[in-house]
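These are the residues of each chain, in order.
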Amino acid sequence: MSQTDEIEDSTAPLIEHLAELRNRLIHMVVAFLIGMIICFTVATPIFNFLTNPLCQVLADRGQDCDLIFISPQEGFFVAIKVSLLGGLILSFPYLAMQVWRFVAPGLYKNEKGAFLPFLLASPFMFALGASFAFYVVTPLAYEFFLGFQQFGAGGEAVVDGTAAPLSVVFQGSAQEYLNLTIKFIVAFGMCFQLPVLLTLMGKVGLVSAEGLKSVRKYAVVAILLLAALVTPPDVITQVILFVVVYGLYEVSIMLVARVEVKREAKLRAEGFYDDDEDDIDPADAEPHFDEIDDSKDK
């Protein structure tokens, strides 16, 4: 076989993989667009559901839950953002299936068994983090923010020549509220991926439990910075995010340690790990020079 034929044979599989990747991407984009269109038709009920935390806080304060549009196009962009979020969530199972079907043929049987549980755990952990953000963190955050309203305090306003108490109350933008709520949901959903990511890295040997313990103090600083960046500038949500993410970090250490124990047990069973070698004294493992000299004399 000539060198030209060898090059053509090696190029053919790459072209086939690229063609398959293109088809997978087309299917993923079509599925996302279908999910987005479906969610666009019911964007108003979805947005009303997303306003529940705010409306509950306002109801407890005896206020009406009224959001406004401050520009003519704001209502359209709110519907688009709701559709993007809903379309991604709705189509995610199909998107994950397409990724799996593209990656799986290149994996060994044991690698498939190792990768598949993490692929299933990832959306579950994201949903768990998003739910925690929506039902726990978001109400606390809006309770904190709305606590700075002023009802008839902080000064006087002149109305028809008469001094009247000045009130500064919430009259929020629908788009700003949606942006903040989505930020909460996405931030906590991504942070809840930490155990999945670190456990997968531990399974392939990229990190170890001892290594994670040794950098714990740096992890604390990184988590504090993360909490300051992805949450609004209030202490409550930052403390909650820090406590949750640091707890997930400690859970990740335990999961990685468990993975290491299982991997070591597997190596022992396959004969790649010998306990006797660990018990040998290094001094006994090498011959002494006196013994070598005696053997020469004999």
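Here goes a summary of the coordinates provided. Remember, predicted model here, so these are calculated numbers, not experimental data. (Residues numbered from 1 in each chain as written. Predicted model: local features only at pLDDT ≥ 70, side-chain atom pairs only at ≥ 80, totals over all residues. Heavy atoms only, no water.)

Notes on the state of the cysteines
Going through the model one piece at a time under the given rule, you end up with 1 disulfide. Between the sulfur atoms of C55 and its disulfide partner C65 the distance amounts to 2.0 Å. Around the S-S axis, the bridge from C55 to C65 shows a dihedral of about -60° and counts as left-handed. Taken together, the residues span a long stretch of sequence, with C55 in helix α3 (residues 52-60) and C65 in the loop between α3 and α4 (74-103) at a distance of 10 residues. Under the relative-accessibility criterion, C55 is labelled partly exposed at 22%. Overall, C65 belongs to the partly exposed group, its relative accessible area being 29%. (Disulfide = S-S within 2.5 Å. Helix = DSSP H or I, 4+ residues; strand = E, 2+ residues; numbered from the N terminus. Buried < 20%, exposed > 50% of the residue type's maximum accessible area, 1.4 Å probe, protein only.)

Looking at a nonpolar patch on the surface
Together, I26, V30, I34, I38 and L90 give the surface a local cluster of nonpolar side chains, amounting to about 440 Å² of exposed area. The dominant element in the nonpolar patch, judged by the number of residues it contributes, is helix α1 (residues 3-41), at 4 residues. Residue position: I34 is located in helix α1. (Patch = residues over 30% accessible without salt bridge, like charges linked within 9 Å, V, L, I, M, F, W, Y side chains within 5 Å. Areas by Shrake-Rupley, 256 points an atom, 1.4 Å probe, with all protein chains shown as cover. Salt bridge = Lys/Arg side-chain N within 4 Å of Asp/Glu carboxyl O.)

Focus on the packing of aromatic side chains
Counting across every chain of the model gives 9 aromatic pairs. Centre to centre, the rings of F49 and F134 are 5.1 Å apart; their planes meet at 25°, and the pair counts as stacked. Placement of the pair is F49 in helix α2 (residues 43-50) and F134 in helix α5 (residues 109-146), with a sequence separation of 85 residues. Taking relative accessible area as the criterion, F49 reaches 41% and is therefore assigned partly exposed. Residues F76 and F77 carry aromatic rings whose centres are separated by 5.6 Å and whose planes lie at 65° to one another, so their mutual orientation is edge-to-face. Classification of F76 by relative accessible area gives partly exposed; the value is 48%. Judged by relative accessible area, F77 falls into the partly exposed class, the value being 38%. Chaining the aromatic ring pairs together yields one cluster made of Y142, F144, F145 and Y177. (Phe/Tyr/Trp six-rings, centres within 6.5 Å; stacked < 30°, edge-to-face > 60°.)

Some words on α2
Of all the positions in α2, only A43, F47 and L50 are classed as buried. Axial view of α2: buried residues confined to an arc of 55°, hence all on one face. Facing away from the buried side of α2 by more than 90 degrees, the exposed set consists of T44 and P45. (Arc of directions from axis to C-beta.)

Note that all results are geometric; they support no functional claim without further evidence.
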